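Chain by chain, the residues:
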Amino acid sequence: MLGEEYNDFEACMSMSHFRGIRVNTLKFDLNDIDRLDLPIRKCRFSDSGFYLESDSLSIGNSPWHHAGAIYSQEPSAMSAVTVLDPQPGEKVLDMCAAPGGKSTQIAAALDGRGLLWSNEYVRKRAQILLSNVERTGIRNCVVSNAHPDRLAEGLSGFFDRVLVDAPCSGEGMFRRDPRAVAEWSPEHSAACAVRQLAILDSAAKCLRNGGVLAYSTCTFSFRENEDVIAAFLDSHPDFYLEPCGVEFGRPGYDRGGKYDMTLTRRIFPMDGGEGHFAARLRRQGESLPAADSSDRIRLGDGEKRAAELFAECFNTAPYGVIHRIGESCYILPDMLPDVKGLGVLRGGVFLGEFMKNRIEPSHALFMAAHAEECAGLISLAPESKELAAFLRGEEIAVDGSLRGYAAVACGGVVTGFGKCSGGRLKNRYPKGLRNL
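On a predicted model such as this, the values are computed, not experimentally measured, just so you know.

**Concerning unusual backbone geometry**
Step number 1: Residues A98 and P99 are joined by a peptide bond in cis, for which omega reads 5 degrees.
Step number 2: For P99, the location among the structural elements is in the loop between strand 5 (91-94) and helix 4 (101-110).
Step number 3: A positive phi angle is found at D37, which is not glycine, with a value near 55 degrees.
Step number 4: Tracing the backbone shows D37 in the loop between strand 1 (20-23) and strand 2 (40-42).
Step number 5: At D85, a residue that is not glycine, the phi angle is positive and equals roughly 60 degrees.
Step number 6: With respect to the helices and strands, the residue D85 is situated in the loop between helix 3 (79-84) and strand 5.

**Considering the sheet that holds strand 20 (residues 396-397)**
Step number 1: An order of 19-21-22-23-20 is seen for the 5 strands of this open sheet, with the pairing classed as mixed. Looking along the sheet, the strands with just one partner apiece sit at the ends: strand 19 (377-380) and strand 20.
Step number 2: In the sheet, strand 20 pairs with strand 23 (residues 424-427) via 2 bridges, with the strands oriented antiparallel. Pairing of I396 across the sheet is with L425, part of strand 23.

**Some thoughts on the environment of H66**
Step number 1: Note on placement: H66 falls in helix 2 (residues 63-66).
Step number 2: Judged by relative accessible area, which is 4%, H66 ranks as buried.
Step number 3: Note: C-alpha distance between H66 and V83 (17 residues apart in sequence) is 28 Å.
Step number 4: Beyond its immediate stretch of four places on either side in the chain, H66 contacts G60, N61, R135, M367, L391, T415, Y429, L433 and N435.

**What about empty space enclosed by the protein?**
Step number 1: Applying the stated criterion across every chain, the model contains 1 cavity of 30 Å³ or more.
Step number 2: Lining the largest cavity are 14 residues; nearest its centre among them are V133, E134, I138, G348 and V349.
Step number 3: Of all the secondary-structure elements, those providing two or more residues to the lining of the largest cavity are helix 5 (123-135), strand 7 (141-144), strand 17 (349-355) and helix 11 (363-367).
Step number 4: The dominant element in the lining of the largest cavity, judged by the number of residues it contributes, is helix 5, at 3 residues.
Step number 5: Its residues assigned to classes, the lining of the largest cavity comprises 10 nonpolar, 2 polar and 2 charged.

**Some thoughts on the packing of aromatic side chains**
Step number 1: For the structure on display, the rule yields 19 aromatic pairs.
Step number 2: With 5.1 Å between their ring centres and 15 degrees between their planes, F220 and F268 make a pair best called stacked. Residue F220 is found in the loop between strand 9 (207-217) and helix 9 (226-235), and its partner F268 is found in the loop between strand 12 (265-267) and strand 13 (276-283); the two are separated by 48 residues along the sequence. The same class applies to F220 and to F268, which are both buried.
Step number 3: Between F222 and Y253 the ring centres are 5.5 Å apart and the planes differ by 90 degrees, which places this aromatic pair in the edge-to-face class. Placement of F222 in the loop between strand 9 and helix 9 and of Y253 in the loop between strand 11 (250-251) and strand 12 is noted, with a sequence separation of 31 residues between them.

**So, the confidence of the model for the protein chain**
Step number 1: Across the protein chain, the average pLDDT comes to 94, with 97% of residues at 70 or higher.
Step number 2: Counting contacts from residues 291-299, a segment whose pLDDT is below 50, to residues more than four positions away or on other chains yields 15 contacts.

**Brief notes about the sheet that holds strand 4 (residues 70-72)**
Step number 1: In spatial order, the strands read 2-3-1-4; together these 4 strands make up an open sheet with antiparallel pairing. Each of the sheet's edge strands pairs with one partner strand only, and the pair in question is strand 2 and strand 4. In this sheet, adjacent strand axes meet at a mean angle of 35 degrees when their direction is disregarded.
Step number 2: Both strand 1 and strand 4 contribute to a ladder of 3 bridges, which runs antiparallel. Following the sheet pairing, V23 is matched in strand 4 by I70.

**Let's talk about helix 9**
Think of an α-helix as 3.6 residues a turn; residues three or four steps apart then line up on the same face.
Step number 1: Within helix 9, the full set of buried residues consists of E226, V228, I229, F232 and L233. What you see down the axis of helix 9 is that its buried residues fit within an arc of 160 degrees, all on one side.
Step number 2: Those residues of helix 9 hidden inside the fold are in contact with helix 8 (186-206), strand 9, strand 10 (239-242), strand 12 and strand 13.

**Details of the layout of surface pockets**
Step number 1: Of the voids in this model, the largest pocket is the one considered here, and its volume is about 1500 Å³.
Step number 2: With 5 residues, helix 8 is the largest single contributor of residues to the lining of the largest pocket.
Step number 3: By residue class, the composition of the lining of the largest pocket is 20 nonpolar, 14 polar and 13 charged.

**Some points on the pairing of strand 8 (residues 159-165)**
Step number 1: Extensive coverage of strand 8 is indicated by the burial of 7 of its 7 residues.
Step number 2: Of the strand pairs in this sheet, strand 5 and strand 8 are connected by 3 bridges, and their pairing is parallel. Bridging from a neighbouring strand, V92 pairs with R161 of strand 8.

**Structural notes on helix 4**
Step number 1: Burial within helix 4 is extensive, with 9 of its 10 residues counted as buried.
Step number 2: Residues G101, K102, S103, T104, Q105, I106, A107, A108 and L110 constitute the buried set of helix 4.
Step number 3: Downstream of helix 4 by a residue or two, D111 has a phi angle that is positive, lying close to 55 degrees.

**Brief notes about the nonpolar core**
Step number 1: Grouped together as the largest cluster of nonpolar side chains are 40 residues, with contacts concentrated most on M95, L151, V162, V164, L213 and I229.
Step number 2: For this core, the leading source of residues is helix 8, giving 6 residues.
Step number 3: Excluding anything up to four places from it in sequence, L213 contacts V162, V164, L200, A203, L207, F232, F239, A279, R280 and L281.
Step number 4: Residues L36, L380, I396 and Y429 belong to the second largest nonpolar core, which totals 28 residues.

Parameters and conventions
- Residues numbered from 1 in each chain as written.
- Predicted model: local features only at pLDDT ≥ 70, side-chain atom pairs only at ≥ 80, totals over all residues.
- Heavy atoms only, no water.
- Helix = DSSP H or I, 4+ residues; strand = E, 2+ residues; numbered from the N terminus.
- Pairing = 2+ DSSP bridges.
- Buried < 20%, exposed > 50% of the residue type's maximum accessible area, 1.4 Å probe, protein only.
- Contact = heavy atoms within 4.5 Å.
- 1 Å grid on protein atoms, 1.4 Å probe; cavity = no way out; pocket = protein on both sides within 12 Å on 5 of 7 lines; lining within 4 Å.
- Points joined across faces, edges and corners; volume = space filled by probe spheres on them.
- Nonpolar A, V, L, I, M, F, W, Y, C, P; charged D, E, K, R; others polar.
- Phe/Tyr/Trp six-rings, centres within 6.5 Å; stacked < 30°, edge-to-face > 60°.
- pLDDT = per-residue confidence, 0-100.
- Axes fitted to C-alpha atoms, helices over the stretch in contact; angles between N-to-C directions.
- Arc of directions from axis to C-beta.
- Core = buried A, V, L, I, M, F, W, Y, C linked by side-chain atoms within 4.5 Å.

This is the structure we're talking about:
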């Protein structure tokens, strides 16, 4: 495949793998990048992506990570969403979304407008996805745990853009994950190609006429990349390849087939990333007017106590419809379709849970808030002992004038909340997220 470049590839495989972070622009301004105080340099795969120039730094313990201001992500993995190019106000489906790097990148591009649907078929991975969606403060997202065929039946023609970051043989992860090497085999790669084509078929059914379907993998195999795209186009004559619209990486391989595979894009370690493939396809035809979603889901009038709690915690109006399901309350996003039977784990933001005669606000509710929206705010420096104590789940001293629920912010970025009384903050930071 690489010819004279193979020696360069082999040399790269003996080096340390690339590490990266992406700034979450829903919660942090790129103009303030120096405030992160991290050893980073810009990468080409995303406007908000950076190389992390350290092999030992633990990003997961960083207060900025806890606040959802940054997301740890291999740099070339950011390329697929750049190729998808989601726009504010659109409805976007991430079909194979866990652990959430690409979904959170799509959400930042949507900038709070439109609808993001993030799906993951494996239940355990779907829970990880949900946690990352909450941490990054996304308000307009549905997280589901459904088979792709199930979504295709329930959401036919609903989305403007669909991303299929397909499960693959993982050759692009060989440098950073020994398990990927151990699990690889020709048979595994062949099985992946069959599954990838089936997922693409379901994804195509979810896309409107004129919509964009992006396909990506983190493997180098012809069989899982160019050959899957060719097979898909053979069985879907209403789709065509279009340029990826990027300059990073290199063109895909044209081996004399009937489709111009140079329109696809490949990234090798020599190109500055661990390994990725991306293709951008468009469905022919004019888009039909979107169905009015207001009559597709039965919305409650909202819970009075939940609305009162929101008003107690924030100085803005709710950003969606407050809806009670059982003992839980949610703020549902606009453009929400009928979700019945689609394996939805979460729609919008979890507002809180009813407990006897009160409602307890959720961690997710505060993570979706901006500091200026909070009625009570305790803003701590990223390097402060007080913030470190809060992230360990400890009580901290606060201004004695503070009463009731208050957000805690890392340098102005909300990272959790607690309840103030008598000059102390009773910590509500979830136990499973705390630093040790």
